[in-house]
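Here is how the chains run, residue by residue.
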Amino acid sequence: MADHPEPSVVMTNIADVTPVPVSTLTVDHDEGTARVLVSAAINGSPDLFVSNFRMGPNQHHPKHVHPNVGEVYFILDGRCQMTVGDRVEWLGAGTAIYVPKGTPHCTDTGDEGVSVLVIFPEGDFDKVGKAFVDEDPS
């Protein structure tokens, strides 16, 4: 872990984290913002990457897969349509979604936005594989 601090307890208030466009972390047509709360770079976490992902009304997070890790979404507030594999549902606050590794998934919002806690079992986001799926409908 030469590039990251030793693991340590760090308490991060979301209000203290500057949101960055998620497109700077993925692809140009990805919409929303991310605030990284726990990661190898922040507190040396080798096994968790946690961020707050926010999408405004009528935004789209393109269909993609993570070939090497699963992912957990927990909806904090708002609503979104989640597509996970062949399943498509509108979901609201309090819902947890587990996406197994290699499963195509995407997120869309309607007239309201959504705030989601995103968790990966890998502290270094650069090690989270991400491949966008060509048949994405947008």
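The paragraphs below set out a description of the structure included in this document. (Residues numbered from 1 in each chain as written. Predicted model: local features only at pLDDT ≥ 70, side-chain atom pairs only at ≥ 80, totals over all residues. Heavy atoms only, no water.)

## Structural notes on empty space enclosed by the protein
- Evaluated as defined, the whole model comprises one cavity of 30 Å³ or more.
- For the largest cavity, the calculated volume is near 140 Å³.
- V22, S51, V118, F125 and K130 are, among the 14 residues lining the largest cavity, the residues nearest its centre.
- Those elements that place two or more of their residues in the lining of the largest cavity are β3 (49-55), β5 (71-84) and β9 (114-120).
- Among the elements that make up the lining of the largest cavity, the one with the highest residue count is β3 (three residues).
- Among the residues forming the lining of the largest cavity, the class breakdown is nine nonpolar, three polar and two charged. (1 Å grid on protein atoms, 1.4 Å probe; cavity = no way out; pocket = protein on both sides within 12 Å on 5 of 7 lines; lining within 4 Å. Points joined across faces, edges and corners; volume = space filled by probe spheres on them. Helix = DSSP H or I, 4+ residues; strand = E, 2+ residues; numbered from the N terminus. Nonpolar A, V, L, I, M, F, W, Y, C, P; charged D, E, K, R; others polar.)

## Points about the pairing of β9
- Most of β9 is tucked away: five of the seven residues are buried.
- Across six bridges, the pairing between β5 and β9 is antiparallel. Bridge pairing links V72 to I119 in β9. (Buried < 20%, exposed > 50% of the residue type's maximum accessible area, 1.4 Å probe, protein only. Pairing = 2+ DSSP bridges.)

## Comments concerning the packing of aromatic side chains
- Applying the stated criterion across every chain yields a total of three aromatic pairs.
- A centroid spacing of 5.0 Å and a plane angle of 35° characterise the contact between F49 and F125, whose relative ring orientation is tilted. Placement of the pair is F49 in strand β3 and F125 in the loop between β9 and β10 (131-132), with a sequence separation of 76 residues.
- Look at F49 and you get buried, because its relative accessible area is 7%.
- Connected via pairs of aromatic rings, a cluster forms that spans F49, F120 and F125. (Phe/Tyr/Trp six-rings, centres within 6.5 Å; stacked < 30°, edge-to-face > 60°.)

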